[in-house]
Amino acid sequence: MKNEFKIIANLLPPQSRILDVGCGDGTLIEALIKEKNIDARGIELGEDNVKACISKGLSVIEGNAETELNQFPDKAFDYVILSQTLQAFYQPENVLEQLLRIGYKVIVSIPNFGYWQIRTNLLLFGKMPITKSLPYSWYDTPNLHMCSIKDFYQFCEKKKIKINMVIGINGKKTSSIYKINLEMKNLLSEVGIFLVS
């Protein structure tokens, strides 16, 4: 399981009810069920991923989170997880509002477009960079709304979304992010994980 998923799993108490939005092939859900006895469900757009989840015996529905999260009742889950998907939505603000409505707490991870290697590649080579966390060319990327950890942090403050915790990931290293070290961590983290409510 990738480091990001391990960190997310550590944020979740055993036996909680979670919804993984954009759950992919169900790797995280499967681990949460086995290791933490979590009641995990998923929604996924990709048909092949949904089939992979169902073949593992996971409770996953095929659907577009951008248009179908309204079918879930208020506070139906303890936690809602959105792993590196927010930037791919046409209306990320609306999606986040839905996540906060259906979950008591929300875990959002984002690829950090403020990471120093991305900044350096753009500055030195004048091209959109391709990195391990952003492996796409500009013309085939699913990312519609590029943002940095700092952008999302300030967005949460502006929208009065409570930031419970922020974790920066750089390879296998993790660090806590606070307002006081936001500039430096925004520069040094490839991925940001936000726990919000």
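The shown structure was predicted, so the numbers you read here are calculated from the model rather than taken from an experiment.

Visitor: Looking at this model, I keep getting lost on the sheet that holds strand β2 (residues 39-44). Mind explaining?
Guide: Note on sheets: strands pair through backbone hydrogen bonds, and any given pair is parallel or antiparallel. Pairing is mixed across the open sheet formed by eight strands, whose spatial order is β3-β2-β1-β4-β5-β8-β6-β7. At either margin of the open sheet sits one strand with a lone partner, and together these are β3 (59-62) and β7 (173-176). Going across the sheet, the axis of each strand differs from the next one's by a mean of 20°, ignoring polarity. Of the strand pairs in this sheet, strand β6 (residues 163-170) and strand β8 (residues 191-196) are connected by six bridges, and their pairing is antiparallel. Residue pairing across strands places isoleucine 167 opposite isoleucine 193, the latter belonging to β8. Along the sheet, helix α1 (residues 3-11) makes contact with β4 (77-83), β5 (103-111), β6, β7 and β8, crossing β6 at roughly 155°. Strands β1 (17-21), β4, β5 and β8 of the sheet are contacted by helix α5 (residues 92-102), whose axis makes an angle of about 145° with β5.

Visitor: Please explain a nonpolar patch on the surface as it appears in this structure.
Guide: Where nonpolar side chains cluster on the molecular surface, the patch consists of Trp116, Met184 and Leu188 and spans about 280 Å² of accessible area. The topology assignment puts leucine 188 in helix α8 (residues 182-188).

Visitor: Just to check I follow, could you spell out the environment of phenylalanine 89 for this structure?
Guide: Relative to the assigned elements, phenylalanine 89 resides in the loop between β4 and α5. The spacing of phenylalanine 89 and asparagine 64 is 25 residues in sequence and 9.9 Å in space, taken between C-alpha atoms.

Visitor: What exactly am I supposed to notice about the packing of aromatic side chains here?
Guide: Ring pairs (aromatic) are described by centroid distance and by the angle formed between their planes. Following the criterion strictly, the structure yields four aromatic pairs and no others. Between the aromatic rings of phenylalanine 152 and phenylalanine 194, the centroid separation amounts to 4.7 Å while the plane-to-plane angle is 80°, which identifies the pairing as edge-to-face. Placement of the pair is phenylalanine 152 in helix α7 (residues 149-158) and phenylalanine 194 in strand β8, with a sequence separation of 42 residues. Phenylalanine 194 matches phenylalanine 152 in its accessibility class, with the two residues each being buried. Here a set of aromatic residues connected by ring pairs shows up, and it is made of Phe152, Phe155 and Phe194.

Visitor: What is the right way to read the confidence of the model for the protein chain from this model?
Guide: Predicted coordinates in regions of low pLDDT should not be interpreted in detail. Model confidence for the protein chain is summarised by a mean pLDDT of 92, while 94% of its residues fall at 70 or above. The secondary structure element of the protein chain with the lowest average pLDDT is helix α6 (residues 116-125), at 81, and the one with the highest is β1, at 98.

Visitor: I keep staring at the environment of lysine 75 and nothing clicks. Help me out?
Guide: Within the element layout of this structure, lysine 75 appears in the loop between α4 (65-68) and β4. Residue lysine 75 is classed as partly exposed on the basis of its relative accessible area of 34%. When the C-alpha positions of lysine 75 and glycine 103 are compared, they lie 4.7 Å apart, and in sequence the two are 28 residues distant. Each residue touching lysine 75, except ones within four places of it in the same chain, is listed here: Arg17, Leu100, Arg101, Ile102, Gly103 and Tyr104.

The rules behind the values
- Residues numbered from 1 in each chain as written.
- Predicted model: local features only at pLDDT ≥ 70, side-chain atom pairs only at ≥ 80, totals over all residues.
- Heavy atoms only, no water.
- Pairing = 2+ DSSP bridges.
- Helix = DSSP H or I, 4+ residues; strand = E, 2+ residues; numbered from the N terminus.
- Axes fitted to C-alpha atoms, helices over the stretch in contact; angles between N-to-C directions.
- Contact = heavy atoms within 4.5 Å.
- Patch = residues over 30% accessible without salt bridge, like charges linked within 9 Å, V, L, I, M, F, W, Y side chains within 5 Å.
- Areas by Shrake-Rupley, 256 points an atom, 1.4 Å probe, with all protein chains shown as cover.
- Salt bridge = Lys/Arg side-chain N within 4 Å of Asp/Glu carboxyl O.
- Phe/Tyr/Trp six-rings, centres within 6.5 Å; stacked < 30°, edge-to-face > 60°.
- Buried < 20%, exposed > 50% of the residue type's maximum accessible area, 1.4 Å probe, protein only.
- pLDDT = per-residue confidence, 0-100.

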